[in-house]
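Chain and residue survey
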Amino acid sequence: MSINNFREDELTKEVIKRTTIKRLFKYMLAYKKVVGIVLSIMLVIITVTIVNPLFMEIAIDQYIANANYTGLFFIAGIALSINLLAMILSKIRIRLMAEVTNKILVQIRQELYEHIQKLSFNFFDKRPAGKILARVIGDVNALKDLLTNSVVTLIPDFITLIAVLTVMLIKNYRLAFAALAMLPFLVIGMWLIQIKAHKRWQVEKAKKSNINAFTYENFSGIKVVQSFSAEAQTSGSFRELLKEHRNAFFSAIYLNNLFWPMVELSWGIGTALVFIFGIAYIQTDTITVGLLVAFITYIGLFWQPIMNLSNFYNQLITNLAGAERIFEIMDIEPDIMDQIESPMMPEIEGRVEFDHVTFSYDDNTTILDDVSFTIEPGQTIALVGPTGGGKTTIVSLISRFYDIKQGSIRIDGHNTKYVNIESLRRQMGIMTQDTFLFTGTINDNIRYGRLDASDEDIIEAATAVHAHEFISKLEKGYETTVNEGGSELSVGQRQLIAFARTLLS
Ligand SMILES: Nc1ncnc2c1ncn2[C@@H]1O[C@H](COP(=O)(O)OP(=O)(O)OP(=O)(O)O)[C@@H](O)[C@H]1O
Ligand SMILES: [Mg+2]
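Residues numbered from 1 in each chain as written. Chains lettered and ligands numbered in written order. Predicted model: local features only at pLDDT ≥ 70, side-chain atom pairs only at ≥ 80, totals over all residues.

1. Comments concerning the overall build of the chain
Across its full length, the chain holds 18 helices and 6 strands. For the chain, whose C-alpha radius of gyration is 33 Å, the value lies well above the compact-globule estimate of 23 Å for 505 residues. Its C-alpha atoms put the chain at 105 × 55 × 45 Å along the principal axes. When each of the 505 residues of the chain is scored for burial, the buried share is 25%. (Helix = DSSP H or I, 4+ residues; strand = E, 2+ residues; numbered from the N terminus. Rg over C-alpha atoms; globule rule 2.2 N^0.38 Å. Buried ≥ 20, exposed ≤ 12 C-beta atoms within 10 Å, placed from the backbone.)

Structure below.
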């Protein structure tokens with residue numbers, strides 16, 4: 001998979017769009033009730049919209065034509081009240097829908113986060129953090145409008161369309177056909193465009209992800225960038241990435257923008273046809289002026305939902321690529337998993353056996369080739385060897401961060417492959433070469449090793465690794481805040497805190 005760095009685009013697997021759409025809208029099912037209320041509100045609003053032209057027809061043909069002003073005021077009063085009601089209802093539905101969409105986004109993001117956390121080292125070895133960030137934040141955000149509009153636009157506009165069409169057909173089917181003459185061409189045109197557009201949006205998302213990865217990487221390593229005066233070079237790479245993204249975006253949006261002229265042209269031609277036929281019908285007294293006026297309004301009412309639906313379709317194509325990227329990650333099975341009913345690892349005494357272990361990270365290069373050794377409980381041992389020799393690998397294997405290809409690793413006689421992973425790892429303390437401190441206090445960072453440790457335990461651990469002395473000299477002592485990089489502490493101090501954390505665990 002070419003997802004290794006910011007220069008390479010992630011390849012999104014070709015999935016069936018319908019599957020993604022279905023999966024996305026499944027989240028909506030949990031909010032059936034609210035969605036039901038929203039749809040009912042939409043139904044009332046649609047009804048109001050559809051009867052409006054009828055009021056107009058009656059007002060013109062019956063009251064204005066006969067100078068009946070009482071009747072005119074009466075019908076205007078009714079029209080005003082129900083339109084007011086529709087307005088209030090529409091405010092309520094906007095709020096309801098916003099709540100539902102936000103809840104769904106929170107849910108998707110939480111699921112994605114929890115899923116990613118479960119994935120093995122293998123997954124993270126291959127992906128820059130910036131690209132993961134792009135999916136958890138950006139791609140999820142992009143679904144917001146899509147979800148809202150699926151309820152607010154899709155169903156109501158479809159109903160409007162059918163209702164208006166029915167009224168038009170009943171009122172005068174010839175004019176109705178004239179108004180919709182261009183519709184079939186429009187549908188075919190849109191369908192053809194979407195096939196290409198979808199691919200281009202996939203590329204656009206990948207390019208955006210590259211920018212994310214690059215930005216994240218370079219600001220994480222900003223001290224290196226500055227100390228090597230590499231600003232100009234990184235700015236250049238950044239400009240290059242921006243340009244690539246811009247091109248991808250333009251090429252995609254160009255297709256989306258073809259939609260509008262197509263819709264408007266079809267609308268315009270339809271209206272022109274209705275005028276041509278309508279005026280001829282009025283001259284032969286087949287229809288009234290009021291009907292033609294009402295009809296022209298109906299054409300507007302008919303094309304408005306088509307505009308909305310095209311807009312939705314546009315959004316769907318644009319953001320489907322984002323949804324695909326989210327589900328793609330959710331579908332990755334952690335490759336290191338407990339077997340069903342793996343027994344708990346009993347309290348470890350410390351006998352470590354490597355029995356003809358063969359291991360490679362990527363199936364190509366063998367890192368450990370038929371390695372066997374035994375370490376007895378209480379024994380202190382050092383692995384010495386050249387850089388890249390496989391020392392850290394051996395440590396990672398003991399905690400089963402990767403699975404071996406052949407042989408077995410046993411701790412106190414238990415094959416690590418068949419015991420509950422958490423019960424195994426919880427009993428190990430690993431002090432990695434690169435110390436990592438989380439945002440929080442020194443206290444929090446040490447306690448990370450064992451969450452139920454008391455303050456005394458923490459001080460004891462810190463004292464044991466000779467960290468207590470410098471910590472107590474800090475103005476806020478154990479309550480001093482450090483951050484991700486731990487940048488206000490020296491490297492040695494950071495290492496000592498990490499030592500204390502490991503010791504505590
Ligand atoms: N996540 C990984 N994916 C693929 N290959 C890896 C990965 N980690 C290490 N390697 C490769 O495995 C080999 C052993 O790496 P390892 O980190 O175990 O070496 P080491 O003995 O700890 O080296 P050092 O003394 O430099 O820390 C190296 O050749 C390295 O390129
Ligand atoms: Mg190492």
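On we go.
2. Some words on the sheet that holds strand β3 (residues 406-411)
The strand order across the open sheet built from 4 strands is β2-β1-β3-β4, with neighbouring strands paired in antiparallel fashion. In this open sheet, the two strands that pair with only one neighbour each are β2 (368-375) and β4 (414-415). Of the strand pairs in this sheet, strand β1 (residues 352-359) and β3 are connected by 5 bridges, and their pairing is antiparallel. When the sheet's bridge partners are listed, Phe-354 is paired in β3 with Ile-409. (Pairing = 2+ DSSP bridges.)

3. Let's talk about the site of ligand 1
Lining the immediate environment of ligand 1, one finds Asp-125, Tyr-361, Asp-362, Ile-367, Gly-385, Thr-387, Gly-388, Gly-389, Gly-390, Lys-391, Thr-392 and Thr-393. Per-element accounting of the shell around ligand 1 gives the leading share, 3 residues, to helix α13 (residues 391-398). Among the residues forming the shell around ligand 1, the class breakdown is 2 nonpolar, 7 polar and 3 charged. (Near = placed C-beta within 6 Å. Nonpolar A, V, L, I, M, F, W, Y, C, P; charged D, E, K, R; others polar.)

4. Notes on the packing of helix α16 (residues 455-464) against helix α18 (residues 491-504)
It is at 8 Å that the axes of α16 and α18 come closest, and there the two elements cross at 120°. When the interaxial angle is binned, α16 and α18 end up oblique. Between α16 and α18 the crossing geometry is right-handed. When α16 is examined against α18, the residues Asp-457, Ile-458, Ala-461, Ala-462 and Ala-464 are found in contact with a partner set consisting of Ala-500, Leu-503 and Leu-504. The residue makeup of the contact of α16 with α18, split by class, is 7 nonpolar, no polar and 1 charged. (Axes fitted to C-alpha atoms, helices over the stretch in contact; angles between N-to-C directions. Parallel < 35°, antiparallel > 145°, perpendicular 65-115°, else oblique. Left-handed = near helix turned anticlockwise from the far one by under 90°. Contact = placed C-beta atoms within 7 Å.)

5. Digging into the domain arrangement of the chain
Note: interface size is frequently given as the accessible area lost on complex formation between the parts. Entries for the chain in the domain assignment read domain 1 (20-330), domain 2 (352-425) and domain 3 (440-504). The gap between the C-alpha centroids of domain 1 and domain 3 is 52 Å. (Domains from an automatic or database assignment.)

6. So, the pairing of β3
Examined bridge by bridge, β3 and β4 share 2 bridges and lie antiparallel to one another. When the bridges of β4 are listed, Arg-410 appears paired with Asn-415. Counted between consecutive antiparallel strands, the loop separating β3 from β4 contains 2 residues, among which Asp-412 sits at a positive phi close to 50°.

7. Brief notes about the environment of Ile-430
Counting through the fold element by element, Ile-430 comes out in the loop between α14 (421-425) and β5 (440-441). The partly exposed category is assigned to Ile-430, around which 13 C-beta atoms lie within 10 Å. Sequence separation of Ile-430 and Leu-503 is 73 residues, and the distance between their C-alpha atoms is 8.9 Å.

8. So, unusual backbone geometry
Although it is not a glycine, Ser-229 sits at a positive phi angle of roughly 45°. Topologically, Ser-229 is positioned in the loop between α9 (222-227) and α10 (231-257). Assessed through the 8 C-beta atoms surrounding it within 10 Å, Ser-229 is described here as exposed. In the Ramachandran plot, Asp-363 falls in the positive-phi region, its phi being about 70° despite a non-glycine side chain. Along the chain, Asp-363 falls in the loop between β1 and β2.

9. Quick word on α18
Given a rise of 1.5 Å per residue, 14 residues ought to cover 20 Å, and the 20 Å separating the end C-alpha atoms of α18 matches this to within 8%. Within α18 the residues assigned to the buried category are Arg-494, Leu-496, Ile-497, Ala-498, Phe-499, Ala-500, Arg-501 and Leu-504. Along its buried surface, α18 packs onto α15 (442-447) and α16. (Expected span 1.5 Å × (residues − 1).)

10. Focus on the environment of Lys-199
Along the polypeptide, Lys-199 turns up in helix α8 (residues 183-220). Residue class for Lys-199 comes out partly exposed when judged on the 16 C-beta atoms lying within 10 Å of it. Sequence-wise, Lys-199 and His-115 are 84 residues apart; in three dimensions their C-alpha atoms are separated by 27 Å.

11. A word on the packing of helix α2 (residues 32-64) against helix α12 (residues 289-330)
Where α2 contacts α12, the two axes come as close as 8 Å, and the packing angle between them is 165°. One element, α2, and the other, α12, form an angle in the roughly antiparallel class. In the crossing of α2 with α12, the sense of the turn from one axis to the other is right-handed. Only Val-289, Gly-290, Leu-291, Val-293, Ala-294, Thr-297, Tyr-298 and Leu-301 of α12 make contact with α2, whose side of the interface consists of Thr-49, Ile-50, Pro-53, Leu-54, Met-56, Glu-57, Ile-60 and Asp-61. Residue composition of the contact of α2 with α12, grouped by class: 11 nonpolar, 3 polar and 2 charged.

12. Quick notes on α2
Here α2 is 33 residues long and its end C-alpha atoms lie 46 Å apart, about the 48 Å a rise of 1.5 Å per residue gives. By the largest-angle criterion, Val-51 marks the main kink of α2, which is about 25°, and a proline, Pro-53, follows within four residues. Those residues of α2 lying buried are Val-38, Ile-41, Met-42, Ile-46, Pro-53, Glu-57 and Ala-59. Summarising the contacts, the buried residues of α2 are in contact with α3 (69-118), α6 (143-171) and α12. (Bend = angle between axes of the 7 residues up to and from the residue.)

13. Notes on the pairing of β2
For β2, a buried count of 0 out of 8 residues is recorded, marking the element as mostly open to its surroundings. In this structure, β1 lies alongside β2, joined through 5 bridges in antiparallel fashion. Bridge pairing in β2 links Phe-359 to Leu-368.

14. Brief notes about the environment of Leu-154
Along the chain, Leu-154 turns up in helix α6. Given 16 C-beta atoms within a 10 Å radius, Leu-154 is considered partly exposed. Note: C-alpha distance between Leu-154 and Asn-308 (154 residues apart in sequence) is 8.3 Å. Those residues within four positions of Leu-154 in sequence are excluded, and the remaining contacts are Asn-149 and Phe-312.

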